[in-house]
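Structural overview for review
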Amino acid sequence: MDPRHSAQDVVRCALCRDAVAPLYCNVCHTHLCGDCVAKHFSDKSKVHTVVPLEQFLSTLNYPKCPTHPTKQCELRCEQCDIPICSSCISSGKHIGHKAVDIFEDFESKKEVLRKDLEELEKSIFPKYQESATIIKTQKTDQHKHSQKLTAELHKQGEAIHREINTIIQRKQAEIDEMNAQHLAAIEKQEAVINKALHEIKQVIVHLKSLLETSDVGHVSKYKSRNGDFRKLPPKLKISLPNFQPQKIDTEQLLKQFGSLSFLSIETEEQGLTVPSQGAESSPPARPLLDVPRLITDIPTTGYHHLYNVSCLSDEEIWTSGNNEIMKLYNLKGELLKSIQTKSGSAPSDIAVTRSGGLVYADYWDRSINLVSGTQIQTLITLRGWRPRGLCSTSSEDPLVIMTSDDGKQTKVVRYSGSTETQTIQWDDQGNLLYSSDGLVKLKYLSENRNLDICVADYKAHAVVVVSAAGKLRFRYTGPPSTPWESFCPRGITTDSQANILTSDYDNHRIHIIDQDGHFLRFLHNCGLQDPWGLCVDSQDNLFVAEMRTGKVKKIMYYK
C-alpha cells in the first residue's frame, strides 16, 4: 500500500467537508477540493501556496521500519505507540491492536501541535507574564511597607529619646528578620515563575520548529507539556505586620513601646485558571436523550413573573422575578434565604460566581452588586449605560451586557474588579453586533466552555456569538424551517459539551445548538410553559424558570 495514495483516498475538503481533497495549502495546512480553492484564496491575510496533495505527501519523510528495513511505515499501532509496516501486521505481533494510517496520525499530531502552540502563546504564557508582574508589584509594596514600619518605629523611638535606643535596635532586628522572610518567599516564588516562563519559551520554539518540519518521526515523538503548565504556581497570601504604638510610660517602657504582629506568608492555590483549549482535556462526548426527562418541579412563591434562575450547587438555586427579592431554594421548593436588592428595585439578571457568591444587575440604579452573607457590595456603577444581563466567567471577570440611556447602542463589557478590560460592540465592518433596544430590555448572555460569548438578543431574533477576542463567529436565528420573526430568545446558558441552550418563550421550547451554531434539537416534551431563565448544574441538568407559573423545572437531556 502506498501511503501517499491511501491517505489521499480518505481526505476530505476542510471547507465544504464533502468532496475529496486532491489539493493542499502548505501555508494554512488545509486540505482543499478544486471548487473551494477560490474561496480559500479570498482570505488575503496570508499568501497561500496550494499544491496537489500527492506532491505534498511526496515531501514527507515516512519512517523506515526498524524491524523490516526495506519497508516504509504506513501505519501506527496505537497500543504499542510505534510506527509499523505491512510486514509487521503480517507477523502477528499486533493482532487485536488498533492500527491507524500514519498520515492521519501525522495530521492529528500537527493539529495537537497547533493547538498547544496557540494555548501557550494566547493563554498560558500571558498568565505567567501576569503572575510575574504581580510579583514585581509585591516586591514594591513590600519595600514601601517596610519603609512605613521603620518610620513609625523611629518616630516612637524619638519620643522617648535615649532610654529607648536598646528597644529600637531589638524591634528593628525583628523587622529585618520579617523582611528577610518576606523577600525570600517572594524571590522563591519569582524564581519558580521565571523558570516556568523560560521552559514555556523553549517549548514554544520547539513547537514552531516541529510545525515547520516534515519529519514524521520527530513530530510523532512529541509529547505535550501543556498539562504541566496549566496549573499555575500557588499565589502568595501575605498578612503584613503592623506596628502598634502605645502611650509612653517610663516605668513600663518596654511593655508600652509597642509590638509587631507576626509576618504571615501563605500560598493560595490558583487552580486551573487557564482553560484548556485542546481536545484531550474536553469532557467525554455525551449523546442527547431522544426524549428529555422531567426530574422535578420546584415551586417558588412571591413572584408575579419569574425571570431568572442560577445554580448555587446541584441542590440549591437562586431565583429572581418582578420584585426586589432574590430567593434561594433547595430542590424540594423549601425557601432557604431571601435577599432584598440594595435599591429596592427588581434585578435585571442574577449569576453565581465560581466561588459561590451571588451577583446581580440593577437596571434602575445602573449597578452591579455582590451579595456576601447578608451584606451587599456595589462593585460597578455605570454612567450613561444601564445593565441588562450579566454572567460569571471562567476567569471570574464578570461580563455585563448594557444599553445606552438613549436606547440606541448595546455593548458587552468585561470587567476586572471595577475596571473595564474589554468592550465588544462592533463587527469587523463597523456594524453594531447587537440590536438597539428602545423599550425592549431583554438581553442575556453566557460564556461558553470554549470562551465564546453568547448573547440572546430578543429584538434581533438571534443568538449572537463572538469569540473571546470579540470577533463575530455566527448568528443563530433558529433552524432552517423556522421563520425568522418567530424566534425570540430570552434566557441562555451553555453546558460542559460547549452546547448552547436558549429559551424560546413564545413557542414554549428550548433550542439546543452546538458551539458552531448548528441546530441540534428542541426540548419541548416536558410540559414547558413560557420558559425564560436558564442554567445548568455540574451534571448538565437543565433548570428552566417558567415566567407565568413561577415554577423551576429540572430537566435531564443527556444520556
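Criteria and cut-off values
Residues numbered from 1 in each chain as written. Predicted model: local features only at pLDDT ≥ 70, side-chain atom pairs only at ≥ 80, totals over all residues. Heavy atoms only, no water. Helix = DSSP H or I, 4+ residues; strand = E, 2+ residues; numbered from the N terminus. Buried < 20%, exposed > 50% of the residue type's maximum accessible area, 1.4 Å probe, protein only. Contact = heavy atoms within 4.5 Å. Areas by Shrake-Rupley, 256 points an atom, 1.4 Å probe, with all protein chains shown as cover. UniProt positions renumbered as here; feature names shortened; annotations may be inferred. Salt bridge = Lys/Arg side-chain N within 4 Å of Asp/Glu carboxyl O. Pairing = 2+ DSSP bridges. Axes fitted to C-alpha atoms, helices over the stretch in contact; angles between N-to-C directions. Parallel < 35°, antiparallel > 145°, perpendicular 65-115°, else oblique. Left-handed = near helix turned anticlockwise from the far one by under 90°. Nonpolar A, V, L, I, M, F, W, Y, C, P; charged D, E, K, R; others polar. Lys, Arg positive; Asp, Glu negative; His and termini not counted.

An unreviewed UniProt entry annotates the protein as Tripartite motif-containing protein 2-like isoform X2 of Crassostrea virginica.

A word on the overall build of the protein
If you tally the helices and strands in the protein, you get 9 helices and 34 strands. A total of 559 residues make up the protein; the buried ones form 48% of that total. Across the protein, the fraction of contacts at a sequence separation of at least 24, relative to all contacts at a separation of at least 6, is 52%. Accessible surface computed for the protein: about 28000 Å², of which carbon and sulfur atoms make up 50%.

Some remarks on the UniProt feature "repeat: NHL" (unreviewed entry) in the protein
The UniProt record marks residues 488-516 with the feature "repeat: NHL" (unreviewed entry), using the residue numbering of this structure. Taken as a whole, residues 488-516 contains 0% helix and 55% strand, while its terminal C-alpha atoms sit 20 Å from one another.

Some remarks on the pattern of salt bridges
A side chain with one charge may pair with a side chain of the opposite charge, provided their charged atoms come close. Tallying each qualifying case throughout the model produces 20 salt bridges. We note a salt bridge from Glu119 to Arg230, for which the minimum N-O separation is 2.9 Å. Taken together, the positions of Glu119 in helix H5 (residues 102-159) and Arg230 in helix H8 (residues 226-230) put the pair 111 residues apart, joining distant regions of the chain. Accessibility classification places Glu119 together with Arg230 in one group, the buried group. A salt bridge links Glu546 to Lys553; the nearest nitrogen and oxygen atoms lie 3.0 Å apart. Judged by relative accessible area, which is 0%, Glu546 ranks as buried.

Overview of the pairing of strand S24 (residues 443-447)
Here S24 lies mainly inside the structure; 5 of its 5 residues are buried. Here S24 shows two buried faces, one formed by Lys443, Leu445 and Glu447 and the other by Tyr444 and Ser446. Note: S24 against strand S25 (residues 453-457), 5 bridges, orientation antiparallel. Opposite Lys443, over in S25, you have Asp457 as the bridge partner. Count of turn residues in the S24/S25 antiparallel hairpin: 5 residues, of which Leu451 carries a positive phi of about 80 degrees.

Points about the packing of H5 against helix H6 (residues 165-212)
Here H5 crosses H6 at 165 degrees, and the two axes come no closer than 9 Å. With respect to their mutual orientation, H5 and H6 come out roughly antiparallel. In this structure, H5 meets H6 at a crossing whose hand is left-handed. In the contact of H5 with H6, the residues fall into 23 nonpolar, 12 polar and 11 charged.

A closer look at the pairing of strand S15 (residues 335-340)
Note: strand S14 (residues 325-330) against S15, 5 bridges, orientation antiparallel. From the neighbouring strand, Ile325 faces S15, where its bridge partner is Gln340. Linking S14 back to S15 in an antiparallel pair, the connection comprises 4 residues, with Gly333 at a positive phi of about 85 degrees.

With respect to the side chain of Arg414
Note on placement: Arg414 falls in strand S22 (residues 410-416). Here Arg414 is buried and forms no salt bridge, its nearest opposite-charge partner Glu447 lying at an N-O distance of 4.1 Å. Those residues in contact with Arg414 that lie beyond four places of it in its chain are Thr393, Ser395, Asp397, Pro398, Leu399, Thr419, Glu420, Thr421, Gln422, Glu447, Ile453 and Ala468.

What about unusual backbone geometry?
One non-glycine residue with positive phi stands out, namely His461, at about 55 degrees. Take His461: it is sitting in the loop between S25 and strand S26 (462-466). Despite not being glycine, His508 shows a phi value in the positive range, around 55 degrees. Mapped onto the fold, His508 is located in the loop between strand S29 (500-504) and strand S30 (509-513).

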